[in-house]
Amino acid sequence: MTGNAIVVLAAGKGTRMKSSLPKVLHRAGGRSLLGHVLHAARQLAPDRAVIVAGPGMDAVSAEARRIFPDVAVATQEERHGTAHAVSMAKSALADFRGTVLVLYGDVPLIAAETLMRLAGLAEEEGMAVLGFEAQNPHGYGRLIRNAAGQVVAIREELDASEGERALTLCNSGIIAIDAALLWSLLPKIGNANAKGEYYLTDLVALAAAAGRPCALATCPEAEVSGVNDRTQLAEIEARLQAAYRRLHMLNGATLVAPDTVFFSADTVLGQDVVVEPHVVFGPGVTVEDGVEILAFSHLEGSRIGRGARIGPYARLRPGAEIGREAHVGNFVEVKKAVIGEGAKANHLSYIGDARVGAKSNIGAGTITCNYDGFEKHLTDIGENVFVGSNTALVAPVKVGDGASIGAGSVITRNVPADALAMTRAELELREGWAARYRDIKAAKKAARKKV
Ligand code: UD1
Ligand code: MG
């Protein structure tokens, strides 16, 4: 086994996306398109990774670095075709020996197994292309084979004869090739074609002319469909979601209405998790065994302990850590907060930048006032604390274990363990007042009507 290097082409702005965001940074399944490609490629444990980005695409390099910290970024200042784009990666791979895989940043569903197959073929034969049978081959390069079935050329649609256009075996654009062969053939590619571009696909004919056959691997069309506009982005999203739903169900989660639940690529669900309809998992959610997530909840960047119950209508934001058997109920928002084992916040609360100790009860309408307009502050609630309804906890503030807070309080100082804290205007009672008020008002109304 020799090593692999990957080169990801991501210089396309994606004009048809009509977006200020580079195309490969658009997301599906909670992950950028580029992220999907790099995650698949990472499973090959490549020795090198190079991304070819357009000028000013710092966000693209940053995203690539999140996944491959030592990725090399090559900038393609002007687009002169796929071969020109690959040549931008040459200096980063100057001393690399092995197989180079060329991937597209906007073809996100490519499977790691397919890439491994392709790389394996290239290692044996020197070069391999990934083809697919297209339902509608329009716009794709066609794979031209000789009588022996070897791929001897790839013809772009615009340069193809009528006979060649009738072929349905198409080029995905993904290739694997021995590095030495790549760098020896690349300078020979010209731009005498309909687009006036340097086509990477010309490698195949050049190799054939030099007596080097090109191997062919195939995959289903769906795996290599690219994203050019937002309708295609939505199609990719739908395919990913269908796959995630299936995977989670087969792994032992109950999805009551699977088509209404949306996952992220990195969602982790334990066994016997029940997910009710209309739940959205943003990136970074881990759910332990036996958790129930009730309808219309939205979760991201959170960890949920065994046996906890979330929702309906709960919102867990990044940094929410929900302890075992804890309950987070309807219209409760939790952000960057640890909710202890068996603690409950069942109704209408905001718990942000906080710690809630085990078995504490957070009454309806409780708010942690974490932000003073400039900074965020911590609310630290101990164990077995009872927080009465409609309490405002003005952070930074600490409530000791076993303390009680009377409903409607505004807590601005620390509360010692086992104390009662209450801030409340005295209750005023006037016997018979409401009846008298009613009589006076009713009499006035009756008098007006007579006039
Ligand atoms: C390419 C293939 C075609 C294949 C099709 C599959 C060539 C010449 N043709 O055609 O055989 O069927 O993909 O979708 O390779 N890119 C750059 N810099 C450039 C040009 C392209 O980074 O200068 C990137 C694009 O952003 C894109 C990819 O390379 O991700 C493919 O380029 P595109 O212009 O879409 O090529 P196609 O004409 O679709
Ligand atoms: Mg294309």
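Since this is a predicted model, take the numbers as computed values, not measurements. (Residues numbered from 1 in each chain as written. Chains lettered and ligands numbered in written order. Predicted model: local features only at pLDDT ≥ 70, side-chain atom pairs only at ≥ 80, totals over all residues. Heavy atoms only, no water.)

Draft legend 1. Representation of the site of ligand 1. Of all residues adjacent to ligand 1, which total 19 residues, the nearest are Gln76, Thr82, Gly141, Glu156 and Asn171. Within the backbone of glycine 12, an N or O atom sits 3.2 Å from an oxygen atom of ligand 1. Contact between ligand 1 and arginine 79: an oxygen atom at 3.3 Å from a side-chain N or O atom of the residue. Protein burial of ligand 1: of its 750 Å² of free accessible surface, 87% is covered by the chains. The pocket occupied by ligand 1, as judged from atoms lying within 2 Å of grid points, is the largest pocket. Residue assignment for the shell around ligand 1 shows that the elements contributing at least two residues are helix H3 (82-87) and strand S10 (169-178). (Near = heavy atom within 4 Å. Polar contact = N/O pair within 3.5 Å; in protein donor to acceptor, adjacent residues only side chain to side chain. Areas by Shrake-Rupley, 256 points an atom, 1.4 Å probe, with all protein chains shown as cover. 1 Å grid on protein atoms, 1.4 Å probe; cavity = no way out; pocket = protein on both sides within 12 Å on 5 of 7 lines; lining within 4 Å. Sits in = over half its atoms within 2 Å of the grid points. Helix = DSSP H or I, 4+ residues; strand = E, 2+ residues; numbered from the N terminus.)

Draft legend 2. Representation of the packing of helix H1 (residues 33-42) against helix H2 (residues 58-67) within the structure. Look at H1 against H2: their axes get within 10 Å of each other, and the N-to-C directions meet at 30°. With respect to each other, H1 and H2 are oriented roughly parallel. Here H1 runs over H2; the crossing is right-handed. Contacts between H1 and H2 pair Leu34, Gly35, Leu38, His39 and Arg42 from the former with Val60, Glu63, Ala64 and Ile67 from the latter. For the contact of H1 with H2, the per-class residue count stands at five nonpolar, two polar and two charged. (Axes fitted to C-alpha atoms, helices over the stretch in contact; angles between N-to-C directions. Parallel < 35°, antiparallel > 145°, perpendicular 65-115°, else oblique. Left-handed = near helix turned anticlockwise from the far one by under 90°. Contact = heavy atoms within 4.5 Å. Nonpolar A, V, L, I, M, F, W, Y, C, P; charged D, E, K, R; others polar.)

Draft legend 3. Broad picture of the pairing of strand S7 (residues 127-133). Of all seven residues in S7, six are buried; the element is thus mostly enclosed. As defined by bridge partners, S7 adjoins S10 across six bridges and the pair is classed as antiparallel. By the bridge assignment, methionine 127 is partnered in S10 with isoleucine 177. As judged from the four bridges shared by S7 and strand S11 (residues 215-218), these two strands associate in the parallel manner. From the neighbouring strand, leucine 130 faces S11, where its bridge partner is alanine 217. (Buried < 20%, exposed > 50% of the residue type's maximum accessible area, 1.4 Å probe, protein only. Pairing = 2+ DSSP bridges.)

Draft legend 4. A positive patch on the surface, seen in detail. A contiguous patch of positive charge on the surface is contributed by Lys441, Lys444, Lys445, Arg448 and Lys449. One can find arginine 448 in helix H9 (residues 433-450). For arginine 448, a relative accessible area of 59% translates into the label exposed. (Patch = residues over 30% accessible without salt bridge, like charges linked within 9 Å, V, L, I, M, F, W, Y side chains within 5 Å. Salt bridge = Lys/Arg side-chain N within 4 Å of Asp/Glu carboxyl O. Lys, Arg positive; Asp, Glu negative; His and termini not counted. Charge placed at Lys NZ, Arg CZ, Asp CG, Glu CD.)

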